[in-house]
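# Coordinate inspection notes
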Amino acid sequence: MKLDSRIPSGPIAQKWDQHKFEMKLVNPANKRKHHVIVVGSGLAGASAAATLAELGYAVTCFTYHDSPRRAHSIAAQGGINAAKNYQGDGDSIYRLFYDTVKGGDFRSREANVYRLAQLSVNIIDQAVAQGVPFAREYGGMLANRSFGGAQVSRTFYARGQTGQQLLLGAYQALMKQVGSGAVRLRPMKEMHDLILVDGHARGIVTRDLISGEIESWTADAVVLGTGGYSNVFYLSTNAMKCNVTAAWRAHKRGAGFANPCFTQIHPTCIPVSGEYQSKLTLMSESLRNDGRIWVPRNAGDGRAPNEISAADRDYYLERMYPSFGNLVPRDLASRRAKDMCDDGYGVGSSGRGVYLDFADAIERLGEEAIRERYGNLFEMYERITGENPYGQPMRIYPAPHYTMGGLWVDYNLMSTIPGLHVIGEANFSDHGANRLGASALMQGLADGYFILPYTIGDYIARHAGDPIAPDHPDVAGTVEGVKSRTARLLAMDGNRTVESVHRELGRLMWDNCGMARTATGLRTALERIPTLREEFWEDAKVVGGGGTLNQVLERAARVADFLELGELMCRDALAREESCGGHFREEHQTPEGEAKRNDDGFSHASVWGYTGEDSAPVEHREPLEFEYVTPSQRSYK
Amino acid sequence: MNLTLHVWRQASPDDRGRFVTYEALDVEAHMSFLEMLDVVNEGLEERGEEPIAFDHDCREGICGTCGMVVNGRPHGPWKRTTVCQLHMREYRDGDDIWIEPWRAAGFPVIRDLVVDRTSLDRIVAAGGFISARTGSAPDANAIPVPKAHAERAMDAASCIGCGACVAACPNASAMLFTSAKVAHLNLLPQGRPEKAMRVIDMVLQMEAENFGSCTNHGACETACPKDISVDFIALLNRDYLSAAVGRSG
């Protein structure tokens, strides 16, 4: 596997402009003859499909939802960062770049992050032009708020529904192209494999979720915007259908998978309430702007929170990190909450929770101001828990949320398979080992609106070949493969439900490859996962047929891939003998319990190549070079 | 608590469909409504029976995927709440719960509780957008938008496209959905240039999709999990009228 990152030469501030100039262009009159497949319709997929169509390409966009608007980007709450410096508080492209590289614990590519920071300003312009109703000040100008890991106010937001509004903007742009015929929209079709012809990505195979039909689609290039894989943990903040299948199928066809162990555990989620729990609900990180996190000073203090006096409370983040306080990055906030609960200070019936308290903010600003900022979040909390957060503190606990790892891509967002481009959360992206809040929306839209539509032109101009006939042996062979795998799943008639296997995998991953990892725990998981995978294929059961809507079959196909991915995550976590960002190996920590990086040994992206069912994956490395931001021990004290 | 569920089962669009009764045992008050159904479904799967098909995804009330009529009410009894956020502490031991799909000519049933809502996407494709070519936008602060206008547009833009308004309407009209999208965009200065065309095209598409007409019942507003106001229907009517007059003139 050759890892050529194709980072342009020259000063960092000019790399992207220079690169755009050097890329080959496709003659506008020829673009309509070139066909691009976009899989996924979230922020990255919808914005890419719409923009590619505007440019003149023939685009087909696939989603397993009934509507592109359902993609999980819709659930992002807090906001989107942009280096607009509208607040005049010292923000700049360079500062956003710096914060993101540092926040990612020096495990991302400088050139990509700089480009992301540059494009952040264009995203806000684009979104406003589309009618995204961002929060505004009375003078009519855009409002901002601050977010974890930053000391400037650069986050744009639309109440607690920023992802929804940005996705609707991209979705509307996409539907305009669908209406005009420039994009063919194919809802309720899930990608099950990638078609390679002469080593290039030339199409996909899908299963229609309603009719069960397995179909092939060919094109000049394929784009995956298929999201992250936190559902490997079973319980996560991801939507129920989020899965790794498209990315994993591409991996098995030769796309390198980078840093699979880099997962983000979000600090502010509603704690688990019982065995039947199907998913975890995130409460926006923006709550940490006004909420104060604490636990009782005395372990096992069973009093109601309002009866615990200030002297008996430990506002541990403010105590440990006086300059960032409750706004430390997510990985730190999560780990400290876990420590507190491990040490017996946790609250709630399970003891796995800490308080997020708004009493001071309500006293300072009034309940109305808090309602305006967070009203919908407070309502959601009350609906789920039956507790009123205006009157008593919320209980929160960390939960798997975002995956920084993903398919490896070069500066052009192309994977190690020529022609296969990967955007948004699905790629290994710009967030290094930890993503800062309000940066996922930024990255998905930067990739989809402003990067991929241009870089893919360079690939098409250089490589576009002849159309592929539907009966081409590589097409027919891939279709046959999907058909036989589907038949194998449908034939499963054991004793366990698919759900029970997924739940067990999730617990295994959470215990051994979650917030804190050890070599012993990872080895345990690495032993258990292959057995669990065998149990799945031998003893799980899929009821129903293949010719209709069959949600059990859908889940089974996804769980089968999670069972393979989980093993790779543990392998990656074991190989990375250091702690960085969201990857915390207990063996590698500072005396204060902070992540201790090993820059000499691990300043690289680990890129795993698939070698077959029965052989171990091979690790390749892309070294990371830091010319502008000198790696240092992150300090938020 | 133990509950008796009467669930609409329909194998395919052509199947006539029927209610089937299931016992939901040992339901906990902290469960969400969909988690209660998950447990019932896992029991069915264990017995080799096909589980109840229902659509859902984010389970946070924002994606708009879930939707079913619970005891005659779209999304169930809680105000401003999608069915995924409804929790079982609402119910008491021994309760009967009737569960049905959205019923509307514009939303054909696919299977059990899952319906086809692509008609709503086609309404958006007809005009529910602002044409702004990527990269062509002026600076985001170039056009100030009064806070009150932005807030009102946001109220309308909160629509999650779940279709509860259609399911609640005795005419199965999609006016609340359509008006929310028209209002969101028409209330903003960026949406003005296409205002007249947008409202006409979207209303024409809505009519082509087998949705009924609005006769001002207001059941849509009551059912809406996002509290979208029927005032937006008035706004649509005003914009439609002025656009129609403008067009004929």
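What you see is a predicted model; the values in this text were computed from it and never measured.

## Focus: the interface of chain A and chain B
Taken together, the 63 residues of chain A in the interface contact 68 residues of chain B. Those elements giving two or more residues to the side of chain A that touches chain B turn out to be helix H3 (43–55), helix H5 (110–129), helix H6 (162–180), helix H11 (367–385) and helix H16 (551–575) of chain A. Here the residues of the side of chain A that touches chain B are counted per class, giving 26 nonpolar, 23 polar and 14 charged.

## Quick look at the sheet that holds strand E17 (residues 420–422) of chain A
Residue and element names in this part refer to chain A. In spatial order, the strands read E5-E2-E1-E9-E17; together these five strands make up an open sheet with parallel pairing. Two strands lie at the open edges of the sheet, namely strand E5 (183–186) and E17, each paired on one side alone. Taking the axes of each pair of neighbouring strands and ignoring which way they run, one obtains an average angle of 20° across the sheet. Set on the sheet, helix H12 (residues 440–463) makes contact with strand E1 (35–39), strand E9 (221–224) and E17; between it and E9 the angle comes to about 150°.

## With respect to helix H2 (residues 118–127) of chain B
Buried residues dominate H2 of chain B, accounting for eight of its 10 residues. Among the residues making up H2 of chain B, those that are buried are Ser119, Leu120, Asp121, Ile123, Val124, Ala125, Ala126 and Gly127 of chain B.

## Description of the domain arrangement of chain B
All names here are of chain B. Partitioning chain B into domains gives domain 1 (3–110) and domain 2 (118–248). The gap between the C-alpha centroids of domain 1 and domain 2 is 29 Å. Facing 18 residues of domain 1, the contacting portion of domain 2 comprises 18 residues. Here the residues of the side of domain 1 that touches domain 2 are counted per class, giving eight nonpolar, seven polar and three charged.

## Thoughts on the sheet that holds strand E1 (residues 3–9) of chain B
Residue and element names in this part refer to chain B. Spatially, the five strands line up as an open sheet ordered E2-E1-E5-E3-E4, and their pairing is mixed. Lying at the two open borders of the sheet, with one neighbouring strand each, are strand E2 (18–24) and strand E4 (73–74). Note: E1 against E2, seven bridges, orientation antiparallel. When the sheet's bridge partners are listed, threonine 4 is paired in E2 with glutamate 23.

## Remarks on the environment of isoleucine 370 of chain A
All names here are of chain A. Its location among the elements puts isoleucine 370 in helix H11. The exposure class of isoleucine 370 is buried, given the 20 C-beta atoms found within 10 Å. Linking isoleucine 370 and asparagine 243, residues 127 residues apart in sequence, is a C-alpha distance of 35 Å.

## Notes on the nonpolar core
Side chains of a nonpolar character, in soluble globular proteins, are inclined to be buried together. Ala49, Leu174, Val223 and Leu407 of chain A together with Val166 of chain B are the most contacted members of the largest nonpolar core, which totals 287 residues. Apart from residues lying up to four places away in sequence, leucine 174 of chain A is in contact with Ser41, Ala46, Ala49, Ala50, Cys61, Pro68 and Val183 of chain A.

## Thoughts on the domain arrangement of chain A
Buried accessible area, meaning the area lost when the parts come together, often serves as the stated size of an interface. Residues and elements named next belong to chain A. Along its sequence, chain A is carved into domain 1 (266–400) and domain 2 (473–595). Centre-to-centre, using C-alpha coordinates, domain 1 lies 31 Å away from domain 2. Each partner contributes to the interface: domain 1 provides six residues, whereas domain 2 provides six residues. Looking at the side of domain 1 that touches domain 2 element by element, the count peaks at five residues for helix H9 (residues 330–342).

The rules behind these values
- Residues numbered from 1 in each chain as written.
- Chains lettered and ligands numbered in written order.
- Predicted model: local features only at pLDDT ≥ 70, side-chain atom pairs only at ≥ 80, totals over all residues.
- Contact = placed C-beta atoms within 7 Å.
- Helix = DSSP H or I, 4+ residues; strand = E, 2+ residues; numbered from the N terminus.
- Nonpolar A, V, L, I, M, F, W, Y, C, P; charged D, E, K, R; others polar.
- Pairing = 2+ DSSP bridges.
- Axes fitted to C-alpha atoms, helices over the stretch in contact; angles between N-to-C directions.
- Buried ≥ 20, exposed ≤ 12 C-beta atoms within 10 Å, placed from the backbone.
- Domains from an automatic or database assignment.
- Core = buried A, V, L, I, M, F, W, Y, C linked by C-beta atoms within 7 Å.

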